[in-house]
Amino acid sequence: MFANIGWGEMLVLVVVGLLVLGPERLPGAIRWSAHALRQARDYLTGVTNQLREDIGPEFDDLREPLSELQKLRGMTPRAALTKHLLDGDDSIFTGNFDQRVNGTPVPPAEPAEPRPSDHTPFDTDAT
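Heads up: these notes are all about the structure in this document. These numbers were taken from a predicted model, which means no experiment stands behind them.

The rules behind the values
- Along every chain, residues carry numbers that run from 1 in the direction the sequence is written.
- Local features in this predicted model are restricted to residues of pLDDT 70 or higher, and side-chain atom pairs are both shown and tallied only at a pLDDT of 80 or more, whereas totals for entire chains, interfaces and linings draw on every residue.
- With hydrogens and water set aside, each side-chain value is computed from the structure's full complement of heavy atoms.
- Secondary structure elements follow DSSP: runs of H or I of four or more residues count as helices, runs of E of two or more count as strands, with numbering from the N terminus.
- Buried, partly exposed and exposed residues are distinguished by accessible area as a fraction of the type maximum, computed with a 1.4 Å probe on protein chains only: under 20%, between the cut-offs, and over 50%, respectively.
- Using the Shrake-Rupley algorithm and a 1.4 Å probe, accessible areas are obtained, with residue cover drawn only from the displayed protein chains.
- To count toward a patch, a residue needs a relative accessible area above 30% and no salt bridge. Like charges then connect within 9 Å, nonpolar side chains (Val, Leu, Ile, Met, Phe, Trp, Tyr) within 5 Å.
- The term salt bridge refers to a side-chain nitrogen of Lys or Arg lying within 4 Å of a carboxyl oxygen of Asp or Glu.
- Charged residues are defined narrowly, with Lys and Arg counted positive, Asp and Glu counted negative, and His plus the chain ends left uncounted.
- Where a charge lies is defined by one atom per residue type: Lys uses NZ, Arg uses CZ, Asp uses CG and Glu uses CD.
- Axis lines are fitted through C-alpha atoms, for helices just across the contact stretch, and the angle between N-to-C directions can take any value from 0 to 180 degrees.
- To sort the angles, those under 35 degrees are grouped as roughly parallel, those over 145 as roughly antiparallel, those from 65 to 115 as roughly perpendicular, and the leftovers as oblique.
- Every residue pair with non-hydrogen atoms within 4.5 Å of one another is taken to be in contact.
- Ten residue types, Ala, Val, Leu, Ile, Met, Phe, Trp, Tyr, Cys and Pro, are classed as nonpolar, four, Asp, Glu, Lys and Arg, as charged, and the remainder, Gly among them, as polar.
- Each residue after the first adds 1.5 Å to the expected span of a helix.

Section: the overall build of the chain
So, point 1. Looking only at helices and strands, the chain has five helices and two strands in total.
So, point 2. The N-to-C order of helical and strand elements in the chain reads α-α-α-α-α-β-β.
So, point 3. In the chain, which comprises 127 residues, the proportion classed as buried is 5%.
So, point 4. On the chain, roughly 11,800 Å² of surface is accessible, and the fraction owed to carbon and sulfur atoms is 61%.

In structure tokens, the structure reads:
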């Protein structure tokens, strides 16, 4: 539940709690909060188990649409574009362009040596 809260955030919460509640009431408040969270978790686990018992195998059928909704919530514009328009090929975003012939990648060609005629003539005396 609080997997994304780091030690820095916890320290800030403790300092704010110390300032707001004081050192006398802070341990009691922490105990009360931990107890309330444990009760809420136990209650939710009980509700889930009760639903699983009451509904039976259809409970898993209810979970499938919820998992699809969860996937849609995590869909970013880049992921949607990649999935639907580019068939999962994200090389346009990563810059890993490779040429393929009959499904096999073709190694990139060696850059050609510049020839003297490729350079624009520059006359230092004319400037």
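Resuming the write-up.
Let's talk about a negative patch on the surface
So, point 1. On the surface, a cluster of negative charge is made up of Glu-58, Asp-60, Asp-61 and Glu-64.
So, point 2. Of note, Asp-60 is situated in helix H3 (residues 58-73).
So, point 3. We classify Asp-60 as partly exposed; its relative accessible area is 46%.

Here we look at the packing of helix H2 (residues 26-55) against H3
So, point 1. Viewed as axis vectors pointing N to C, H2 and H3 meet at an angle of 120°, and their least axial separation amounts to 7 Å. As far as their axial angle goes, H3 and H2 are oblique. Residues Thr-48, Leu-51, Arg-52 and Ile-55 of H2 form the contact with H3, whose own contacting residues are Glu-58, Phe-59, Leu-62 and Arg-63.
So, point 2. Looking at side-chain class alone, the contact of H2 with H3 contains four nonpolar, one polar and three charged residues.

With respect to helix H1 (residues 7-21)
So, point 1. The end-to-end C-alpha distance of H1, which contains 15 residues, comes to 20 Å, matching closely the 21 Å that a straight helix rising 1.5 Å per residue would cover.
So, point 2. Gly-22 lies just past H1 and shows a positive phi near 95°.

Digging into a nonpolar patch on the surface
So, point 1. A cluster of nonpolar side chains, contributed by Leu-11, Val-12, Val-15, Val-16, Leu-19 and Val-20, occupies part of the molecular surface with about 590 Å² of accessible area.
So, point 2. Structurally, the position occupied by Val-15 is in helix H1.

What to know about the environment of Met-75
So, point 1. Mapped onto the elements of the fold, Met-75 is located in the loop between H3 and helix H4 (77-84).
So, point 2. For Met-75, the residues in contact, after removing those within four places along its chain, are Ala-80 and Lys-83.

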